[in-house]
Amino acid sequence: MSIEELNYQPAPGKWSILQIITHIVISEEKSVQYVIKKTQYPEVLKPISLNSRILSAIMNLYLTLNLKAKAPSLLSPNSDDGFRLIDLENRWTNTRMELENVSKLSPNILNKGIYKHPRVGYMNFEQMLSFFGSHYGHHLKQVSTIAVSYTHLRAHETPEHL
């Protein structure tokens, strides 16, 4: 994928593919950092409520249906941030290694509310991973749509626009 395609915004105010990747990396990075901090104090972790389980399932369904939601500003990439794909890949890899380390903690810890989603509330490790999967899938659909839009745009440009 070219730099031009990565930075192509399908409409004013819409994210580019690079901004979507940045959002996913920032989102998971901050989430895992939060979980690492929370799991350092297992005595204060609370069980997951029925309400949290229901809201978690609804959030995953919402993302699967590809409904739109505004990302929290803390997780919104700025078009001027200048992130490079290689840097994002390195950050993603580091976050995934930290996530693997968290997965090795005691089930007594992982089954408690170790992650706080801004709209759902506390989730356990399994709910968090399920959310990560739904979140990633939601944005993968966006990336595919943008890539098709870019390809379509380029195919219909006249030679003087190239």
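Everything numeric in this text was worked out from a predicted model, so none of it was measured.

Q: So, the packing of helix 4 (residues 85–103) against helix 6 (residues 125–155): which residues are in play, and what are the values?
A: The contact between helix 4 and helix 6 brings their axes to 12 Å, and the two run at 155°. Taken together, the axes of helix 4 and helix 6 are roughly antiparallel relative to one another. The way helix 4 lies across helix 6 gives a crossing that is left-handed. Every residue of helix 6 that contacts helix 4 at W92, L99, V102 and S103 is listed here: F125, M128, L129, F132 and Y136. Residue composition of the contact of helix 4 with helix 6, grouped by class: eight nonpolar, one polar and no charged.

Q: Any chance you could break down the layout of surface pockets for me, citing the residues and the numbers?
A: Any space left empty among the atoms is revealed by the rolling of a water-sized probe across them. Reported here for the second largest pocket is a volume of approximately 240 Å³. Forming the walls of the second largest pocket are I21, I24, V25, L85, L88, E89, W92, Y136, H139, L140 and V143. Those elements that place two or more of their residues in the lining of the second largest pocket are helix 2 (17–38), helix 4 and helix 6. Residues belonging to the lining of the second largest pocket are distributed by class as follows: nine nonpolar, one polar and one charged.

Reading the values: rules and limits
- Residues numbered from 1 in each chain as written.
- Predicted model: local features only at pLDDT ≥ 70, side-chain atom pairs only at ≥ 80, totals over all residues.
- Heavy atoms only, no water.
- Axes fitted to C-alpha atoms, helices over the stretch in contact; angles between N-to-C directions.
- Helix = DSSP H or I, 4+ residues; strand = E, 2+ residues; numbered from the N terminus.
- Parallel < 35°, antiparallel > 145°, perpendicular 65-115°, else oblique.
- Left-handed = near helix turned anticlockwise from the far one by under 90°.
- Contact = heavy atoms within 4.5 Å.
- Nonpolar A, V, L, I, M, F, W, Y, C, P; charged D, E, K, R; others polar.
- 1 Å grid on protein atoms, 1.4 Å probe; cavity = no way out; pocket = protein on both sides within 12 Å on 5 of 7 lines; lining within 4 Å.
- Points joined across faces, edges and corners; volume = space filled by probe spheres on them.

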